[in-house]
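# Coordinates in review
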Amino acid sequence: MPDAIALFDPRVSDAARARVDACLRSGRLSEGPLVAEFEAALAAAFGLPRVLALNSGTAALHLALLALGVGPGDEVVTTAQTFVATPLAVLHAGATPVFADLEEGGPNLDPADVARRLTPRTKAILAVHYGGEPCDLGALAELARSRGLALIEDAAQALGATYRGRGVGTWGDAGAFSFQAIKPLTTGDGGALVLRDPEAHRRAYRLRWFGIDRAGRVADELGAGHWPITEAGHKYHMNDLAAALGLGQLEGFAAALARRRSLDALYRAELAAVPGLRLTPRTPGAEGACWLFTVLVERRTDFARALRSRGVEAAAWHRRVDAHPLFGGARADLPRQAAFDAAQIALPLRDTLDDDAAARVLRAVKAGW
Ligand SMILES: Cc1ncc(COP(=O)(O)O)c(C=O)c1O
């Protein structure tokens, strides 16, 4: 039997390896010119205004909340269908996550249910483009605007996805991306934050590096830098080594995205009529990043076992995060979340999957369970 087909198999391109090698030789490893170059490259490639490169997607979420003034006493309406970093960032900002329900049969927030969860304490909506599929950003942006709330997009899994032709992360007041090892673009670990408001951006710029306004620093004759610190910042900046990796990986990004989209179309066509399996809905007007291919299946444990026996890895990759004791346990008032959590499972779909492997995945599912 050939090796099992893994869900993820990240590869580093030769171009990226060469970039990293050059960075190592330069002796400049912390934040330097490559971080600025990577920010400019992200801005150009994805139409992102005011990009801040950071050391994780979690840092991007935390800084987004801080820069938009979310703090103690505030509520942030978000989703339980995510990685736990999403609601943890809300807690770290001192605010309270409030979980809203999902769209019917899908992994993304239902804007109508988000509207029902708003209270006078709500300060922001934090929506996740789960698996790389954009949320209904038109409805969420309109809801946020009409109620005077901030909209934050957790686009950790969705670099390259668009909604109505515009990149995710640019529809809200803030967009957070992750470049963690298995994400659509990797810097090993890393992230980026996009902020619409120039003042919020400036604040996040200071907060990513101890509260220091690096661009405004003045050095004295002793070589010491002087920076007035007015707010307790964090060590959230990206370093040049990670930026070098990101710049190299960016070169192959468009081809990788196109490959994932074409596999996604193939899987959807081939699996549409499989008994006991349902595809998740697609958002009208959106083009996804196709990072995870999640389906809903009956008798999920049997499904996972059958696929494993045929050499295909399948996993319920993100379980509902509200189930953690930290968040009070799985909420009973999220029926669609419960139904999704009970049936969802991800199949291997990645740009490093060749045609034979993709055919093996499809055969393994169609053989039944
Ligand atoms: C939806 C979501 N949000 C946030 C994060 C956090 O990103 P990072 O691991 O880069 O901190 C991740 C992934 O890890 C994620 O999947």
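Because the structure is predicted, anything quoted here is derived from the model rather than measured.

Another aspect to go through is empty space enclosed by the protein. On inspection of all chains with the given rule, the structure shows two cavities of 30 Å³ or more. In this structure, the largest cavity occupies an estimated 130 Å³ of space. Tyr 130, Glu 133, Thr 280, Arg 282 and Leu 292 are the residues nearest the centre of the largest cavity, which is lined by 15 residues in total. Among the residues making up the lining of the largest cavity, the classes are represented as seven nonpolar, five polar and three charged. Two domains share the lining of the largest cavity, each providing at least three of its residues, namely domain 1 (14-250) and domain 2 (253-366). Empty space within the second largest cavity amounts to approximately 30 Å³. Lining the second largest cavity are Glu 31, Tyr 205, Arg 208, Trp 209, Ile 212 and Arg 214.

What follows deals with the nonpolar core. Counting 49 residues, the largest nonpolar core has Phe 38, Leu 42, Phe 177 and Phe 179 as the members making the most contacts within it. Take this core: its biggest share by element is six residues, from helix H8 (residues 240-250). Both domain 1 (14-250) and domain 2 (253-366) contribute no fewer than three residues apiece to this core. Not counting residues within four places of it along the chain, the set of residues in contact with Phe 177 comprises Leu 48, Gly 57, Ala 60, Ala 155, Ala 156, Leu 159, Val 168, Gly 169, Gly 190, Gly 191, Ala 192 and Val 194.

Before going further, it helps to spend a moment on the side chain of Arg 350. Inspection of the secondary structure assignment puts Arg 350 in the loop between strand S15 (344-347) and helix H12 (355-366). In this structure the side chain of Arg 350 is engaged in a polar contact, spanning 2.9 Å, whose partner is the backbone oxygen of Ala 6. Separated by 3.0 Å, the side chains of Arg 350 and Thr 352 make a polar contact. Apart from the residues lying within four places of it in its own chain, the contact partners of Arg 350 are Ile 5, Ala 6, Leu 7, Phe 8, Asp 9, Arg 260 and Leu 263.

This part is about the layout of surface pockets. Considering only enclosed or pocket space, the largest pocket measures out at about 430 Å³ in volume. Lining the largest pocket are 25 residues; nearest its centre among them are Arg 11, Pro 184, Ala 256, Asp 351 and Thr 352. Take the lining of the largest pocket: its biggest share by element is four residues, from helix H9 (residues 253-271). Looking at side-chain class alone, the lining of the largest pocket contains twelve nonpolar, six polar and seven charged residues.

Our focus in this paragraph is the domain arrangement of the chain. How large an interface is tends to be reported as the accessible area lost when its parts come together. Partitioning the chain into structural domains gives domain 1 (14-250) and domain 2 (253-366). Computed over C-alpha atoms only, the centres of domain 1 and domain 2 are separated by 25 Å. Taken together, the contacts link 45 residues of domain 1 with 37 residues of domain 2. Carbon and sulfur atoms supply 58% of the area buried between domain 1 and domain 2, which totals about 3200 Å² over both sides. A per-residue breakdown of the area domain 1 buries against domain 2 is headed by Phe 99, Asp 101 and Glu 133, which together make up 17% of the total. Our enumeration of links across domain 1 and domain 2 arrives at four salt bridges. For Arg 117, the salt bridge is made with Asp 333, and the minimal N-O distance between the two is 2.8 Å. Applying the counting criterion to the domain 1 and domain 2 interface returns 21 residue pairs in polar contact (both at pLDDT 80 or more). If you list the elements that add at least two residues to the side of domain 1 that touches domain 2, you get helix H4 (85-92), strand S3 (96-100), strand S6 (162-163) and H8. Taken together, the residues of the side of domain 1 that touches domain 2 sort by class into 23 nonpolar, 13 polar and nine charged.

With that settled, the discussion passes to the site of the ligand. The ligand sits among 16 residues. The nearest are Gly 57, Thr 58, Asp 154, Ser 178 and Lys 183. Contact between the ligand and Ser 178: an oxygen atom at 2.7 Å from a side-chain N or O atom of the residue. Contacts to the ligand include Lys 183, whose side-chain N or O atom sits 3.0 Å from an oxygen atom. Alone, the ligand offers 380 Å² of accessible surface; in the complex the protein occludes 92% of this. Listed by contribution, the elements that provide at least two residues to the shell around the ligand are helix H3 (57-67) and H4. Considering each element in turn, the shell around the ligand owes the most residues, three residues, to H3. Of the residues contributing to the shell around the ligand, the split by class is five nonpolar, nine polar and two charged.

Conventions adopted
- Residues numbered from 1 in each chain as written.
- Predicted model: local features only at pLDDT ≥ 70, side-chain atom pairs only at ≥ 80, totals over all residues.
- Heavy atoms only, no water.
- 1 Å grid on protein atoms, 1.4 Å probe; cavity = no way out; pocket = protein on both sides within 12 Å on 5 of 7 lines; lining within 4 Å.
- Points joined across faces, edges and corners; volume = space filled by probe spheres on them.
- Nonpolar A, V, L, I, M, F, W, Y, C, P; charged D, E, K, R; others polar.
- Domains from an automatic or database assignment.
- Core = buried A, V, L, I, M, F, W, Y, C linked by side-chain atoms within 4.5 Å.
- Buried < 20%, exposed > 50% of the residue type's maximum accessible area, 1.4 Å probe, protein only.
- Helix = DSSP H or I, 4+ residues; strand = E, 2+ residues; numbered from the N terminus.
- Contact = heavy atoms within 4.5 Å.
- Polar contact = N/O pair within 3.5 Å; in protein donor to acceptor, adjacent residues only side chain to side chain.
- Buried area = accessible area lost by both parts, 1.4 Å probe.
- Salt bridge = Lys/Arg side-chain N within 4 Å of Asp/Glu carboxyl O.
- Near = heavy atom within 4 Å.
- Areas by Shrake-Rupley, 256 points an atom, 1.4 Å probe, with all protein chains shown as cover.

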